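# Commentary on secondary and tertiary structure
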Amino acid sequence: MHRPSPYVRRQWLAREIRRLREEHGMTADALARAVRFPRQQLSALENGHLGPDIDLVSGICDYLTVGERRQQAIMDAATDGWAQGWWAPTIHQMGNRQAIYADLESGTRTITEYAISLIPGLLQTPAYAAARLRSEPARHGDRFDPATAVTARARRQSLVLAAGGPRYEVVIDESAIRRRAADPVVVAQQLRHVIAVCANHPTVVVQVLPSDTSITGHSAPRSAYSIYRYRDPQGSRAVAVDTLTRDIIHTDPDELDPYVSLHGRLKAAALPPDSSIRLLRAAAESLTPTEGAPV
């Protein structure tokens, strides 16, 4: 879990290489010619594509006479960007979208989420996850395997909940709790699972945002999102925004700050953790009363 996110490291490297080039007043064409690499390879590097060319990165640092500490940070990021995470061998079977979340979760210090209509993946039971996967076949490719996807989700959860894992905080909209996103028995078990995770893992904090609550500035969240803060020396951050067809990933600080600000307002408007647990318990009970409970 402490291995840096390859995706985030490539994005930091891309920004740093562009910043270096601009500091020296060079165009991409001029720099590519100077270090004797194809312009396309430099473009791939500056766009954060897979497998940054280590020789190209080293050549740029040497040509631009980058200082020792800065060069070390750049070369470390290039090496990290090459890493293959545990998700790589089954990326198509588990789903490209889930794989990017596994990548983003790697090396995190904290994960902060807002779930608008479903229980977030890091808290889903296998039965709930399987029901959701069956309900959205259009989100997956031809090689997608639901069983592999459910197993991968369980592994993501185990890494987040492991000793030394990140702090995980989530604001769950009440609609995600009330919605029958699976069979009522499955949903009830899912809600009780969230309660159990909170009880057994002090690093997990769940707050429910009531449907009728007032949010500062009358904010109206448009989609679910996840905010990641990393353990790397640069203190990198990322935001993943869930949309119907794809996930939008932001690593530019200017694009991150609005989500951090919004989340602060949602967290302030949400119920405190103890009240949230009581709401979750009551919602589960309304779906499938436990044996001996009053009806």
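Our structure is the block above this text.
Note that this is a predicted model, so its numbers are computed, not measured. (Residues numbered from 1 in each chain as written. Predicted model: local features only at pLDDT ≥ 70, side-chain atom pairs only at ≥ 80, totals over all residues. Heavy atoms only, no water.)

## Quick word on the pattern of salt bridges
What the rule picks out here adds up to 15 salt bridges. Of the charged contacts, one joins Arg 39 and Asp 29 as a salt bridge, the two residues approaching to 2.9 Å between their closest N and O atoms. Highlighted residues: Arg 39 in helix α3 (residues 39-46) and Asp 29 in helix α2 (residues 28-35), separated in sequence by ten residues. The partner of Asp 257 in a salt bridge is Arg 237, with the nearest N and O atoms 3.0 Å apart. A residue pair is termed long-range when its members are at least 10 positions apart, and Asp 257 in helix α12 (residues 253-269) and Arg 237 in strand β5 (residues 237-242) qualify at 20 residues. Each of the salt bridges in this network shares a partner with another, and the network as a whole consists of Glu 16, Arg 19, Glu 23 and Arg 70. (Salt bridge = Lys/Arg side-chain N within 4 Å of Asp/Glu carboxyl O. Helix = DSSP H or I, 4+ residues; strand = E, 2+ residues; numbered from the N terminus.)

## Here we look at the nonpolar core
Grouped together as the largest cluster of nonpolar side chains are 42 residues, with contacts concentrated most on Leu 104, Leu 123, Ile 172, Leu 191, Val 206 and Leu 280. With eight residues, helix α11 (residues 184-200) is the largest single contributor of residues to this core. Discounting residues that sit within four places of it in the chain, Leu 104 has contacts with Ser 5, Tyr 7, Val 8, Tyr 228, Tyr 230, Ala 238, Ala 240 and Ile 249. Core analysis: the next-biggest nonpolar cluster, separate from the first, contains 22 residues, Leu 56, Ile 74, Ala 77 and Ala 78 among them. (Core = buried A, V, L, I, M, F, W, Y, C linked by side-chain atoms within 4.5 Å. Buried < 20%, exposed > 50% of the residue type's maximum accessible area, 1.4 Å probe, protein only. Contact = heavy atoms within 4.5 Å.)

## Points about the sheet that holds β5
Read across the sheet, six strands follow the order β3-β2-β1-β4-β5-β6 without closing on themselves; strand pairing throughout is mixed. Every other strand in the sheet has two partners, leaving β3 (204-209) and β6 (247-250) as the edge strands with one partner each. Between one strand axis and the next, the sheet turns through 15° on average, direction left out of account. Looking at chain direction, strand β1 (residues 108-115) and strand β2 (residues 167-173) are connected through six bridges and run parallel. Directly across from Glu 113, in β2, lies its bridge partner Val 170. (Pairing = 2+ DSSP bridges. Axes fitted to C-alpha atoms, helices over the stretch in contact; angles between N-to-C directions.)

## Points about the packing of aromatic side chains
Applying the stated criterion to the full structure yields four aromatic pairs. On the basis of an interplanar angle of 80° and a centroid distance of 5.9 Å, the ring pair of Trp 86 and Trp 87 is categorised as edge-to-face. Centroid distance Tyr 225 to Tyr 259: 5.5 Å. Interplanar angle 65°. Geometry classified as edge-to-face. Placement of Tyr 225 in strand β4 (residues 225-230) and of Tyr 259 in helix α12 is noted, with a sequence separation of 34 residues between them. For Tyr 225, a relative accessible area of 3% puts it in the buried group. (Phe/Tyr/Trp six-rings, centres within 6.5 Å; stacked < 30°, edge-to-face > 60°.)

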